[in-house]
Amino acid sequence: MFHSIMNDDGGWRSAFVAYFGDISIMRANVSSWKDEYLTRLKVKNDWQSSIQAVTFDPRISNIEIVDINKHGFLVVGSLETGIITSCNPATGKASISTIYASQDSEAMQIGAMDMNCSKIVIGCLSGSVLYTDYNLTRWTTFKEYHNGFITSIKLIPNTYQFLSTGVDYEVRLWNASTEMCIGRFDIGKQSKASCLSCDLDYVYAGLESGNVIIWKITETSKLEKQSPFSMWKIDNPIKSLIWLPSMDSHIVVSENGTQLYIAIFDKTGNISQIPQRLNLVSYLYIAKSNNSKLDYILTGGHTGELMIWSIDLNKSLQLVKSVTCHTGPIISISMTATLLATFSDFGEIVLSDTITFSKLRTIRTKRGLLGSINPRCLFMTPDFVALFINNSITTWTLRANKGPVKKGKSKKNRVSFKTPRSDGFNRATIHDQISDAINEVKTTQEVVERKKHLEKSINGTTGLCDDDLISYAMLLSMDQEGGPSTSQATHSKSEELSEQEMLDLALALSLSESN
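Owing to the predicted nature of the structure, the values given are computational and were not obtained by experimental measurement. (Residues numbered from 1 in each chain as written. Predicted model: local features only at pLDDT ≥ 70, side-chain atom pairs only at ≥ 80, totals over all residues. Heavy atoms only, no water.)

Undergrad: When you look at the overall build of the protein in this model, what are you seeing that I'm missing?
TA: Summing up its helical and strand segments, the protein has seven helices and 31 strands in all. Counting across all 515 residues of the protein, residues that qualify as buried make up 45%. For the protein, restricting intrachain contacts to residue pairs at least 6 apart in sequence, the fraction spanning at least 24 positions comes to 44%. Of the roughly 26300 Å² of accessible surface on the protein, 50% is carried by carbon and sulfur atoms. (Helix = DSSP H or I, 4+ residues; strand = E, 2+ residues; numbered from the N terminus. Buried < 20%, exposed > 50% of the residue type's maximum accessible area, 1.4 Å probe, protein only. Contact = heavy atoms within 4.5 Å. Areas by Shrake-Rupley, 256 points an atom, 1.4 Å probe, with all protein chains shown as cover.)

Undergrad: Could you clarify how one ought to interpret unusual backbone geometry in this entry?
TA: With the exception of glycine, most residues fall at negative phi, and the peptide bonds are largely trans. For Ser61, which is not glycine, the phi dihedral falls at a positive 75 degrees. Topologically, Ser61 is positioned in the loop between strand S1 (51-56) and strand S2 (65-68). Of note in the backbone geometry, Asn390 takes a positive phi value of approximately 55 degrees without being a glycine. Within the secondary structure, Asn390 sits in the loop between strand S30 (384-389) and strand S31 (392-398).

Undergrad: Which parts of the structure should I look at to understand helix H3 (residues 33-48)?
TA: Given 3.6 residues per turn, any residue in an α-helix points the same way as the ones three and four places further on. Here H3 contains 16 residues, and its C-alpha end-to-end distance of 23 Å stays within 8% of the 22 Å for a straight helix at 1.5 Å per residue. The set of residues buried in H3 consists of Trp33, Glu36, Tyr37, Leu38, Arg40, Leu41, Val43, Asp46 and Trp47. A distance of 3.3 Å separates the backbone nitrogen of Lys34 from a side-chain oxygen at the start of H3, and that oxygen is part of Ser32. (Expected span 1.5 Å × (residues − 1). Polar contact = N/O pair within 3.5 Å; in protein donor to acceptor, adjacent residues only side chain to side chain.)

Undergrad: Teacher, can you tell me more about the confidence of the model for the protein here?
TA: When pLDDT is averaged along the protein, the result is 77, and 70% of the positions lie at 70 or above. Confidence over residues 401-426 falls short of pLDDT 50; this stretch has 27 contacts with residues more than four positions distant or in other chains. In this model, residues 511-515 is a region of pLDDT below 50 whose contacts with residues beyond four sequence positions or in other chains number six contacts. (pLDDT = per-residue confidence, 0-100.)

Undergrad: I tried to follow the pairing of strand S10 (residues 150-155) on my own but got confused; where do I start?
TA: Across a regular strand the side chains alternate sides, sitting on one face of the sheet and then on the other. With five bridges connecting them, S10 and strand S11 (residues 161-166) associate as antiparallel partners. Within S11, the position partnered with Ile150 by the bridge is Gly166. Once S10 ends, the chain turns through five residues before running back antiparallel as S11, passing Asn158 with a positive phi of about 65 degrees. (Pairing = 2+ DSSP bridges.)

Undergrad: So what exactly am I meant to see when it comes to the side chain of Thr336 here?
TA: Note on placement: Thr336 falls in the loop between strand S25 (330-335) and strand S26 (339-344). With a relative accessible area of 10%, Thr336 lands in the buried category. Not counting residues within four places of it along the chain, the set of residues in contact with Thr336 comprises Met26, Thr354, Met380, Thr381 and Pro382.

Undergrad: Please clarify how the environment of Leu360 should be interpreted in this entry.
TA: Position of Leu360 among the secondary structure elements: in strand S28 (residues 359-364). For Leu360, a relative accessible area of 13% puts it in the buried group. A sequence separation of 315 residues divides Leu360 from Asn45, and the C-alpha atoms of the two residues are 9.1 Å apart.

Undergrad: Can you help me understand the sheet that holds S26 in this one?
TA: Sheets are built from strands paired through backbone hydrogen bonds, the pairs being either parallel or antiparallel. As summarised here, the arrangement of the four strands in space is S25-S26-S27-S28, forming an open sheet in which the pairing is antiparallel. Every other strand in the sheet has two partners, leaving S25 and S28 as the edge strands with one partner each. On average, each strand axis in the sheet is tilted by 15 degrees relative to the strand beside it, whichever way the strands run. In the sheet, S26 pairs with strand S27 (residues 348-353) via five bridges, with the strands oriented antiparallel. Of the residues in S27, the one forming a bridge with Phe343 is Ile349. (Axes fitted to C-alpha atoms, helices over the stretch in contact; angles between N-to-C directions.)

Undergrad: When you look at the pattern of salt bridges in this model, what are you seeing that I'm missing?
TA: Pairs can form between side chains of opposite charge whenever their charged atoms are close. By the definition in use, this model includes nine salt bridges. Here Glu170 ties to Arg184 by a salt bridge, and the two come within 2.8 Å at their closest N and O atoms. With Glu170 in strand S12 (residues 170-175) and Arg184 in strand S13 (residues 180-186), this residue pair connects regions lying 14 residues apart in the sequence. With relative accessibility at 4%, the residue Glu170 sits in the buried group. For Arg184, a relative accessible area of 23% puts it in the partly exposed group. (Salt bridge = Lys/Arg side-chain N within 4 Å of Asp/Glu carboxyl O.)

Take a look at the structure:
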């Protein structure tokens, strides 16, 4: 009976809602509510405990773009030097696999760069484009090139294709697997393109003049330059184009000073109605849900307000939640399935959960020393938060948890109390270690007594409430993760000696060993 209850995924979902209060817009584990519950509980407890900060300079000059590779290392790139390198976020140590845009491994200014977790593309001032992935040290080059330096380049997700544009008023579509240009699209000399996007059938370019031009991809695109298929008119310069496959539409973000304006267009040029409050924002972040058919827009306000909007299949927007995270403007947002990070103009990072959006932790930085701010200055994973300003990076990572002391002959698993008698600092350290051991024994006793009570409840001796079921699940997870030892020897030993006696005995032994 007990095992059937604990293996019931529906029961774990009920426990999840009872403990956390709601369902998140993104799942950390889509296949199991038990794993979802335990993962979120661990992340919440970890980030509310101690963390460590490291500030380092990867020595590539100003950092313009950042991502993470499959090994969990930060990958950072600079347009000023054309250098891309990876760094350990916990230590700041750079790897030896540094990539240069120049063939002779020297610094070289470039026009544009884009990267994701496995691919890197670069647009050079000469008009040529380069492609590589994180496993190679050589660049894939192309015979064709732009007539002038490149101003924007964009990888197309889940393909080996990418887009580029430059001062020659032309957009090109490239295929890295064939090392060929497979499409040419004419902008016309009305304005330069500031951002690019693509779906399966069309290419999109946002112009500095405030228009979005659309071209249809055809078989003749690689043979001759294509004229625009359609155009969307926007009043302000286009800042970004964000493709939403679930809606078959684009979010168009334009900018006027510090004010952002948002519009949603489908392929036919129909525009969706946007709430007025959505246009009074300082930063915008798109969250693609893996838990429902909805997409979400997260916006940061000038007064520190965070708003979460849902977009349904009818392209209508609904305000899901609004919380105040800061006292100043929000200038950057980053999000994972379990954590949300917001960065304010006052130099404050707030970490929140992604269910109720309540604060887990506040990290304060020296805002007066930050200098100019890149809107994409904040980057995070479930294990670390990274803030990059100019040429330096600061990361906050979880401290390695000290596991329980294991018995055995291995020196690695034993706590040594051998210290000089005259060293007061080491004597204090001994006292702390003994106190930790005593607290662990006390925790063990409480866990054993609680577990016995809950087992009786499960077997029908007493009634079992929802809180007891959740507590028992947490106890099981502690056992699975190597929690407090429940050995009979440890339990009996704690009954024989008082806390003061254990302190005196351990201290005496350490002093006799040092003699």
